[in-house]
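So the chains spell out like this:
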Amino acid sequence: MSKLELLSARIDQANITVGIFGLGYVGLPLALCFARAGIKVIGFDIDLSKVSFLNEGKSYIHNISSASVLDALEKKFEATSDFSRVSEADALIICVPTPLTIGSEPDLSYVINVVERILPHFCEGQLLSLESTTWPGTTDEVLAPRLKAAGFIPGQNCALVFSPEREDPGNLTYTANNIPKVIGGFTPTCLKLGGALYKLAINEVVSVSNTRIAEMSKLFENIHRAVNIGLVNEMKMIADKMDIDIHEVISAAATKPFGFVAYKPGPGVGGHCIPIDPFYLTWKAREFGIGTRFIDLAGEINRYMPSWVVLKTMDELGKRQKTLKGSLVLVLGVAYKKNVDDFRESPSVEILFQLIEKGARVHYSDPYIPHISHIKNHALNLSSIELNIENVKVYDCIILSTDHDVFDYGFILKYAALLIDTRGKFDKASNVVSA
């Protein structure tokens, strides 16, 4: 029996160990998902504080409870920074960031570094899965050659697949185990093994023809969102100039039972996907001599939205005989989306930065982000403030940027002098301005 046949048998018996690399917003939920299914999991992370927290049964992510970590520990989960333990696992899943360089080009350094640290301990008969979002061709062009150079031939003595993460932090309906899992294999054998692996912990696995289709599908999902968010943000600016309530427009359009999907406008886009992933495709498309004007335009609109919010704030203060410079401004919410503790690429942070640059005296309130030490390499010392009657009334302007459910919107509406609402959260009132 070959090493891959042995791996197949072990997967069929659910008698395997899964190694997951990167225990952040993607890797940790996946690790807990496998552990709940009774699969032994070794979580790898170079952040020693994360490893220590997890092994003590503590979570460092708001939407993941410490109780769920403790439950996983009591079953079959442990965290480590020791890459020599790679050889203990049957399947290795990479869930590390794929950011952009300063020049907005793909940065695969995290993925490559993990692979280089895995290879000295990689064994025949192991399966390697990449979940990090990347350009079509990465698995074939970047991972496979490194495996082959080390003597591992995908489909013969090891398996290689790509299965894009679809984690949605803060979503209580769709979690790691019930979001359909797309997977593409380097070979049919790889695909069969990868599909069987994920079926141990995930309800539905969707197999596609190859890794490039799986890679492109993830980009398409996020580009679809980015383009439609860009469209509705542009519609918002047009409607504003025409004195039309865009939120009422969207509600009316959404009554059509076919051919329309409602997207909500906001202050921009944030997080580790929407502001970044489209550039992975635009970069790769240039290799084929193809422009991506539609995608680029959506990105341009979405990047502009924080500036539009700040300009709108300046205008509204001006109508009240005040200037932004010197005004006391409170930004409500700095996370990139509501009910999460992640402010990577958050448009709210960009709004903060622009307000400070223009001379406003700025505070923020976000129970999930207690402190911000820097913005764009500029040192800051901002801490979240608690909301009460005294401090709400004192602000010249309050900007609702991230609409966390924990905010008391009735209280804020009652005592705020001027509310700039970027989320359509407040009803029409004399102190509310939609932005």
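This text follows the structure it describes.
The structure presented is a predicted model; accordingly, all values stated were derived computationally and were not measured.

What counts as what
Residues numbered from 1 in each chain as written. Predicted model: local features only at pLDDT ≥ 70, side-chain atom pairs only at ≥ 80, totals over all residues. Heavy atoms only, no water. Pairing = 2+ DSSP bridges. Helix = DSSP H or I, 4+ residues; strand = E, 2+ residues; numbered from the N terminus. Axes fitted to C-alpha atoms, helices over the stretch in contact; angles between N-to-C directions. Contact = heavy atoms within 4.5 Å. Core = buried A, V, L, I, M, F, W, Y, C linked by side-chain atoms within 4.5 Å. Buried < 20%, exposed > 50% of the residue type's maximum accessible area, 1.4 Å probe, protein only. Phe/Tyr/Trp six-rings, centres within 6.5 Å; stacked < 30°, edge-to-face > 60°. Lys NZ or Arg CZ within 6 Å of the ring centre and 35° of its normal.

Draft legend 1. Focus on the sheet that holds strand S14 (residues 419–421). Taken in spatial order, the five strands make up an open sheet running S10-S9-S13-S14-S15, and their pairing is parallel. Across the chains shown, the open sheet's two edge strands, defined by having one partner strand only, are strand S10 (361–365) and strand S15 (432–434). Across this sheet, the average inter-strand angle for adjacent strands is 20°, counted without regard to direction. As paired strands, S14 and S15 are joined by three bridges and run parallel to one another. Of the residues in S15, the one forming a bridge with isoleucine 420 is valine 433. Across the sheet, helix H11 (residues 293–319) is in contact with strand S13 (397–400), S14 and S15; its angle to S13 comes to roughly 150°.

Draft legend 2. The arrangement of the nonpolar core in detail. Grouped together as the largest cluster of nonpolar side chains are 42 residues, with contacts concentrated most on Val18, Ile20, Phe34, Phe77, Ile93, Leu127 and Leu197. Broken down by element, this core gets its largest block of residues, seven residues, from helix H2 (residues 27–36). Every residue in contact with leucine 197, bar those within four places of it in the chain, is listed here: Ile11, Ile16, Val18, Phe34, Ala91, Ile93 and Leu127. By size, the runner-up hydrophobic cluster in this structure holds 38 residues, among which are Val115, Ala214, Leu219 and Tyr280.

Draft legend 3. Local environment of the packing of aromatic side chains. Under the definition given, this model contains nine aromatic pairs. With a centroid separation of 4.4 Å and an interplanar angle of 10°, the aromatic rings of phenylalanine 21 and phenylalanine 44 are classed as stacked. Within this pair, whereas phenylalanine 21 is found in strand S1 (residues 17–21), its partner phenylalanine 44 is found in strand S2 (residues 40–44), the two being separated by 23 residues in sequence. Of the two residues examined, phenylalanine 21 and phenylalanine 44, each falls in the buried class. Measuring from ring centre to ring centre gives 5.2 Å for phenylalanine 411 and tyrosine 415, while their planes differ by 55°; the resulting arrangement is tilted. Placement of both phenylalanine 411 and tyrosine 415 in helix H14 (residues 409–415) is noted, with a separation of four residues, approximately one turn of the helix. Since its relative accessible area comes to 19%, phenylalanine 411 is described here as buried. Among the aromatic side chains, those forming a connected cluster through ring pairs are Phe21, Phe44 and Phe83. When the ring centre of phenylalanine 53 is taken as origin, the NZ or CZ atom of lysine 58, which lies over that ring, is 5.8 Å away.

Draft legend 4. Focus on unusual backbone geometry. For aspartate 243, which is not glycine, the phi torsion reads 60° and is therefore positive. Here aspartate 243 is to be found in the loop between helix H8 (211–241) and helix H9 (246–253). Backbone geometry at glutamate 345 places phi at a positive 55°, although glycine is not the residue there. Along the polypeptide, glutamate 345 turns up in the loop between strand S9 (328–332) and helix H12 (347–357).

Purely geometric numbers; function is a separate question.
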